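# Structural overview
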Amino acid sequence: MRLARTWLPACMALVAALLLPVSAQAVTPARQPAPLATVDHPPVDGVNSFDNGSRDVPRVALTFDADMTQGMLAQLRSGQVRSWYNREVRDILDAEGVRATMFLTGLWVQAYPDVARSLAHDPLFEIGSHTYDHAAFRTPCYSLPAAADRTGEIVRAQEQIEAAAGVRPTLLRFPGDCYDRSDVALARQLGLSVISGDVRSGDAFNTSAASVTAVVLRNLKPGSIVLMHLHGGPNAPMTAPALRGIIQGARARGLGFGTVSQVLGWPDQPLAAPPTARQLLEPLRALKLEWPGRADQVLAPYRLRRLRGPRSPGRGLPGQPVQ
Ligand SMILES: [Zn+2]
């Protein structure tokens, strides 16, 4: 009896220990693939990196990053991807009169100079930098290659954006949102404020518009800065339909929309100067729509006609029958 009292608990403990892994395995759900490792930024908020504006003002900032890596550019050139510009996103914002901030990479601006210029001259939009070719400032960062020249990444983007769009950004979003204090200090040195955000839409590689809308609306608060993408294509296929739901849902809660500068209570980025005649003509020249000949030769027949003959109601060139 005494022996049984000693051995029984020990035997039960042994049986339990043998059974535990089996039962634990039975209730553990199938292992999900681990999310891609990324380095997130440390709590540098309140220093020089910004996640959100005042929680007392019922306004949020939608932001759209236009990524372009060398790999994405190669896909575009080979025709593997038709476009890395999600025109529908811009059309929705325009139609709804929703202000937003676009963070453009230098490579994207090189691929779409006319679009970059047009966005910069649209009073709805504010332009920020997303570095030159979307290399990671800190790794691991969603499998992005590490930036070899961090200063060059920022400076080259500034040059590209200014040359094509006519604005020099003062806001910067790091690729993958991966950075640390030294990166923030570098950006400050180069005249840029680092903008992160407090609502990650998860629109990258997401094929469910409903899930993107739900994630954003669940986390949206007054003063929020929402991270989304402008490049569309296979890397962000559902941004546009998700955006419709986000605008509708935010408005239903009494939230309005502003640029990042507005939501942070900063002065608006000065509007870009109106495009010059040269900037307007460049796309036409690229399409070879200009008159074949020198400008003075183009007008020569009309000048001669005015000088020589009586004014005629006809529209034909001299020597040609009037239709
Ligand atoms: Zn990005």
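Located above this text is the structure these notes cover.
For clarity, every value in this text was computed on a predicted model and none was experimentally measured.

The rules behind each value
- Residues numbered from 1 in each chain as written.
- Predicted model: local features only at pLDDT ≥ 70, side-chain atom pairs only at ≥ 80, totals over all residues.
- Core = buried A, V, L, I, M, F, W, Y, C linked by C-beta atoms within 7 Å.
- Buried ≥ 20, exposed ≤ 12 C-beta atoms within 10 Å, placed from the backbone.
- Helix = DSSP H or I, 4+ residues; strand = E, 2+ residues; numbered from the N terminus.
- Contact = placed C-beta atoms within 7 Å.
- Expected span 1.5 Å × (residues − 1).
- Axes fitted to C-alpha atoms, helices over the stretch in contact; angles between N-to-C directions.
- Left-handed = near helix turned anticlockwise from the far one by under 90°.
- Nonpolar A, V, L, I, M, F, W, Y, C, P; charged D, E, K, R; others polar.

### Digging into the nonpolar core
Membership of the largest hydrophobic core comes to 69 residues, with the highest contact counts inside it found for Met-102, Leu-104, Trp-108, Ala-116, Ile-127, Ile-161 and Val-226. If you tally residues by element for this core, the top one is helix α9 (residues 239–252), at 6 residues. Not counting residues within four places of it along the chain, the set of residues in contact with Met-102 comprises Phe-64, Ala-66, Leu-119, Phe-125, Ile-127, Gly-128 and Leu-230.

### Here we look at helix α6 (residues 150–165)
Over its 16 residues, α6 extends 22 Å from the first C-alpha to the last, a length consistent with the 22 Å expected when each residue adds 1.5 Å. Among the residues of α6, Arg-150, Glu-153, Ile-154, Ala-157, Gln-158, Gln-160, Ile-161, Ala-164 and Ala-165 are the ones counted as buried.

### Remarks on the packing of helix α8 (residues 209–219) against α9
For the pair α8 and α9, interaxial distance at closest approach is 8 Å and the crossing angle is 35°. Taken as a pair, α8 and α9 cross one another with a handedness that is right-handed. Packed against α8, whose contacting residues are Ala-209, Val-212, Thr-213, Val-216 and Leu-217, the element α9 presents Pro-241, Ala-242, Gly-245, Ile-246 and Gly-249 at the interface. Split into classes, the residues belonging to the contact of α8 with α9 amount to 7 nonpolar, 3 polar and no charged.

### Considerations on unusual backbone geometry
Going from Thr-139 to Pro-140, the amide bond is cis rather than trans, its omega being 0°. Residue placement: Pro-140 occurs in the loop between β4 (125–129) and α6. Its identity as a non-glycine residue notwithstanding, Tyr-142 has a phi of 50°, on the positive side. Positionally, Tyr-142 belongs in the loop between β4 and α6.

Spatial relationships are all this shows, so hold off on functional conclusions.
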